[in-house]
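What follows is each chain in one-letter form.
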Amino acid sequence: MNPIVEFCISNLAKGSQAVFDILDKDPNIDCLEYGCLTYCGQCNVGLYALVNGDYVSGESPEELQANIYKHIEENWLF
């Protein structure tokens, strides 16, 4: 079972699309996009994704990607 990374479509438009595109090509990660993840306050502030339901953020696409991989490494059970 792969980790699941979920993105809000509004946040994709704000800059996390590059991260989605990279992670979507990773065969060890399942990426999903939704119309809204109900994190509107955080969405307005910066880039984020949900990693197995946990909120992960970054100030740039590069930082978001690094934080997602770090979160998976530190918290993945398999």
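The structure under discussion appears in the preceding block.
Definitions and limits used
Residues numbered from 1 in each chain as written. Predicted model: local features only at pLDDT ≥ 70, side-chain atom pairs only at ≥ 80, totals over all residues. Heavy atoms only, no water. Phe/Tyr/Trp six-rings, centres within 6.5 Å; stacked < 30°, edge-to-face > 60°. Buried < 20%, exposed > 50% of the residue type's maximum accessible area, 1.4 Å probe, protein only. Helix = DSSP H or I, 4+ residues; strand = E, 2+ residues; numbered from the N terminus. Pairing = 2+ DSSP bridges.

With respect to the packing of aromatic side chains
Aromatic rings in a pair are described by how distant their centres are and how their planes are angled relative to each other.
Here is step 1: Scanning all chains against the criterion turns up four aromatic pairs.
Here is step 2: The interplanar angle of 40 degrees and the centroid separation of 5.7 Å between the aromatic rings of Tyr39 and Tyr48 together place this pair among those described as tilted.
Here is step 3: Aromatic side chains Tyr48 and Tyr55 sit 5.4 Å apart centroid to centroid with 25 degrees between the ring planes, which places their arrangement in the stacked category.
Here is step 4: Residue Tyr55 is classed as partly exposed on the basis of its relative accessible area of 34%.
Here is step 5: Among the aromatic residues, those joined into a cluster by ring pairs are Tyr39, Tyr48 and Tyr55.

Side note on the pairing of strand E3 (residues 47-51)
Working note: regular strand, side chains alternate between the two faces of the sheet.
Here is step 1: With five of its five residues buried, E3 lies for the most part within the structure.
Here is step 2: As defined by bridge partners, strand E1 (residues 4-8) adjoins E3 across two bridges and the pair is classed as antiparallel. Following the sheet pairing, Glu6 is matched in E3 by Leu50.
Here is step 3: For E3 and strand E4 (residues 54-58), the ladder comprises five bridges, and the chain directions are antiparallel. From the neighbouring strand, Tyr48 faces E4, where its bridge partner is Ser57.

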